[in-house]
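# Notes for the structure review
The primary structure of each chain is shown beneath.
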Amino acid sequence: MGRIAGRFTRVETRRRTRTLVEAMRAELPRKNCWTLAEHAGDTSPGGMQHLLSRASWDTDGVRDDLRDFVVENLGGTGTVLIVDETGDLKKGTRSVGVQRQYTGTAGRVENSQVAVYLAYSTEAGHTFIDRELYLPACWTCAPGRCREAGVPAGVGFATKPDLALRMIVRVLGAGVRAGWVAGDEVYGQSPALRGELEQRGVGHVLAVAARHRVDTGTGGVRVDELVARLPGRAWQRCSAGRGAKGHRFHDWALVAVEPGEAGCRWLPARRSRRTGEYAFYRCRSPCPVPLRVLVGVAGRRRAVEECFQTAKGLCGLDQHQVRTWTSWRRWTVLAMCAHALLVAVAVAVRPAVTGEGAVPYSAAEVRRLVGSRVDSHVQRWSDWRRRHQARARASHYRRQSAYEP
């Protein structure tokens, strides 16, 4: 809070922001202005609502301070920027950006509000550093509706890859060093996104659909047809990372594509060892790298799903009850601050207190301990739980090594 203090014009606003962030990381069953105000000891939610909608403070400045805080506390070893979108289910039509659209949160078309998030992932941990709200064309084509929701006049329609590119350019322009960018099929299909990353010398591992076409030197071909021609010896087993129940092993193959273009361009293909299901990626690196590096970057995309789960479950990222553009941006950036704080504490205490036979502290465990005011009984339960998780993890890994060919 000391880092972002200069973004507020009044001390009362700064103090209320502190109480809101503290309430966001508290163990409340539901987080909205009413419950946060009650936790802070206020007699009404008016102060919290004023902070989000009408108070004078620099929202984008807080976002930039959050980014610097995350980079400073998570380090820069093996940095991967991960883009992904999430949807918050809503009722009614007045909340900014809401319409019936597909959202992965529900797995179907629902009345929802969709936003694109940018996660910063290193070997130490991962959390969000930026976000942009997706405004469907039905909103940008209705100036009166946008004006009622407080959308600035200069905001026009932008696709999800456009929003992702905007955030990546903003982060790289601020001096953040990242070796790779990862994303799902929505972003892998965007030539503009891939071209901008290539121009900036940043490698990417972006998923693409089976119908995506690539150039092999003899003409364009669908990626699923190209992979179907590969001989059996082209496949090798690789791990996409360590999970709670063992390594995430799949069969992988690597095909060079787009010969004659600058840089190294590949099409990695992943095949499930159980179901035989395929996944395809477009990769580009300024210099040659082994397949295991590309597989590792592709596996790191899972980190953004964990960020969504913990930020929503621990900090109420999706529990806002705001309708306007400004309120949404302020709620999300403060929820991201609360999440980044938990992750930074977990990373900071990891080398100091993680003993042999216990898993490291997670963001959820940090929140539980901080909320207990360092109660010795809660601390003993935490130690027992982490030792039990370590034994369970070791058992899963032994079982996997026994059954994996």
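Going by the structure above, here's the rest.
Our subject in this report is the structure included herewith.

The rules we used
- Within every chain, residues take consecutive numbers counted from 1 along the sequence as written.
- Residue-level local features of this predicted model are given only where pLDDT is at least 70; pairs of side-chain atoms are given and counted only at 80 or more, and the full residue set underlies all totals for whole chains, interfaces and linings.
- Side-chain calculation: all heavy atoms of the structure are included, whereas hydrogens and water are not.
- Each axis is a line fitted through C-alpha atoms, and for a helix only the stretch in contact is used; angles between axes span 0 to 180 degrees, taken between their N-to-C directions.
- Elements are defined by DSSP. Helices are runs of H or I of four residues or more, strands are runs of E of two residues or more, and each kind is numbered from the N terminus.
- Note on terminology: angles under 35 degrees are roughly parallel, angles over 145 are roughly antiparallel, angles of 65 to 115 are roughly perpendicular, and the others are oblique.
- Note on contacts: a residue pair qualifies if any of its non-hydrogen atoms lie within 4.5 Å across the two residues.
- Any residue that is not Ala, Val, Leu, Ile, Met, Phe, Trp, Tyr, Cys, Pro, Asp, Glu, Lys or Arg is counted as polar, Gly included; the first ten are nonpolar and the last four charged.
- Buried means the residue's accessible area, taken with a 1.4 Å probe over protein chains only, is under 20% of the maximum for its type, while exposed means over 50%, and partly exposed covers the values in between.
- Any two strands with at least two DSSP bridges between them are considered paired.
- Any carboxyl oxygen of Asp or Glu that lies within 4 Å of a side-chain nitrogen of Lys or Arg is treated as forming a salt bridge with it.
- In this description, a nonpolar core means a group of buried Ala, Val, Leu, Ile, Met, Phe, Trp, Tyr and Cys residues linked to one another through side-chain atoms lying within 4.5 Å.
- One less than the number of residues in a helix, times 1.5 Å, gives the span that helix is expected to have.
- Polar contact criterion, stated in full: a pair of N or O atoms within 3.5 Å, where within protein one must be able to donate a hydrogen and the other to accept it, and residues adjacent in sequence count only if both atoms are side-chain atoms.
- The disulfide criterion is simple: two cysteine sulfur atoms within 2.5 Å.
- Two rings from Phe, Tyr or Trp (for Trp, the six-membered ring) form a pair when their centres are within 6.5 Å of each other. A pair whose planes differ by under 30 degrees is stacked, one over 60 is edge-to-face, and the rest are tilted.

Attention shifts here to the packing of helix H1 (residues 11-24) against helix H2 (residues 33-40). It is at 9 Å that the axes of H1 and H2 come closest, and there the two elements cross at 105 degrees. Classified by the interaxial angle, the pair formed by H1 and H2 is roughly perpendicular. Together, Thr 19, Leu 20, Ala 23 and Met 24 of H1 and Leu 36, His 39 and Ala 40 of H2 make up the contact between the two elements. When grouped by side-chain class, the residues that make up the contact of H1 with H2 number 5 nonpolar, 2 polar and no charged.

A few words on the pairing of strand S11 (residues 264-271). When you tally the buried positions in S11, you get 6 out of 8 residues, the bulk of the element. The sheet contact formed by strand S10 (residues 246-256) and S11 spans 6 bridges and is antiparallel. The partner of Val 255 across the bridge, within S11, is Leu 267. Between the antiparallel neighbours S11 and strand S12 (residues 278-285) lie 6 residues, among them Gly 276 with a positive phi of about 80 degrees.

So, about the pairing of strand S5 (residues 180-183). Here S5 shows no split at all, with Trp 180 and Ala 182 on one side and Val 181 and Gly 183 on the other all buried. Direction of pairing for strand S1 (residues 80-89) relative to S5: parallel, over a ladder of 3 bridges. Bridging from a neighbouring strand, Val 80 pairs with Trp 180 of S5. As paired elements, S5 and strand S6 (residues 203-208) share 4 bridges and run parallel to each other. The residue of S6 that forms the bridge with Gly 183 is Leu 206.

This paragraph deals with the pattern of salt bridges. Oppositely charged side chains can form a pair if their charged atoms are brought close together. Overall, the coordinates contain 27 salt bridges when judged by the stated rule. In this structure, Arg 7 and Asp 65 form a salt bridge, with 2.8 Å as the shortest nitrogen-oxygen distance. Taken as a pair, Arg 7 in the segment before H1 and Asp 65 in helix H4 (residues 59-74) lie far apart in primary sequence, 58 residues in all. Here Glu 198 makes a salt bridge to Arg 265, at a shortest N to O gap of 2.5 Å.

As a further point, take the side chain of Arg 329. As for its placement among the helices and strands, Arg 329 is situated in helix H13 (residues 325-353). Excluding its chain neighbours within four sequence positions, the residues that come into contact with Arg 329 are Thr 59, Asp 60, Arg 63, Arg 131 and Glu 132.

Next up on the list: unusual backbone geometry. In this model, Glu 258 sits at a positive phi of 50 degrees, which is unusual for a non-glycine residue. Assignment of secondary structure puts Glu 258 in the loop between S10 and S11.

We now examine the nonpolar core. Leu 81, Val 96 and Phe 128 are the most contacted members of the largest nonpolar core, which has 100 residues in total. With 14 residues, the single largest contributor to this core is H13. Among residues more than four places away in sequence, those in contact with Leu 81 are Leu 118, Ala 119, Tyr 120, Ile 129, Val 171, Leu 172, Ala 178, Trp 180, Val 181 and Ala 182. Ranked by size, the runner-up nonpolar core spans 13 residues in total, among them Val 227, Trp 235, Val 257 and Phe 280.

Turning next to H4. Between its terminal C-alpha atoms H4 stretches 23 Å, which fits the 22 Å expected from 16 residues at 1.5 Å a residue. The complete set of buried residues in H4 reads Thr 59, Gly 61, Val 62, Arg 63, Asp 65, Leu 66, Arg 67, Val 70 and Leu 74. The N-terminus of H4 is capped by Asp 58, whose side-chain oxygen sits 3.4 Å from the backbone nitrogen of Asp 60. One or two residues past the end of H4 sits Gly 75, with phi positive at roughly 80 degrees.

Another aspect to go through is the state of the cysteines. Counted under the stated rule, the structure contains 0 disulfides. Its sulfur unpaired, Cys 287 is 6.8 Å from the next cysteine sulfur, which belongs to Cys 264. Its sulfur unpaired, Cys 337 is 10 Å from the next cysteine sulfur, which belongs to Cys 315.

Take the packing of aromatic side chains next. On inspection of all chains with the given rule, the structure shows 9 aromatic pairs. Centroid distance Phe 128 to Phe 308: 5.0 Å. Interplanar angle 45 degrees. Geometry classified as tilted. Residue Phe 128 is found in strand S4 (residues 126-133), and its partner Phe 308 is found in helix H12 (residues 302-315); the two are separated by 180 residues along the sequence. Arranged with centres 6.2 Å apart and planes meeting at 65 degrees, the rings of Tyr 134 and Phe 157 form a pair that is edge-to-face. Here Tyr 134, found in the loop between S4 and helix H5 (137-140), pairs with Phe 157, found in the loop between helix H6 (143-148) and helix H7 (160-173); they are 23 residues apart in sequence, far enough to count as distant. Linked through ring pairs, Tyr 117, Phe 128 and Phe 308 together constitute an aromatic cluster.

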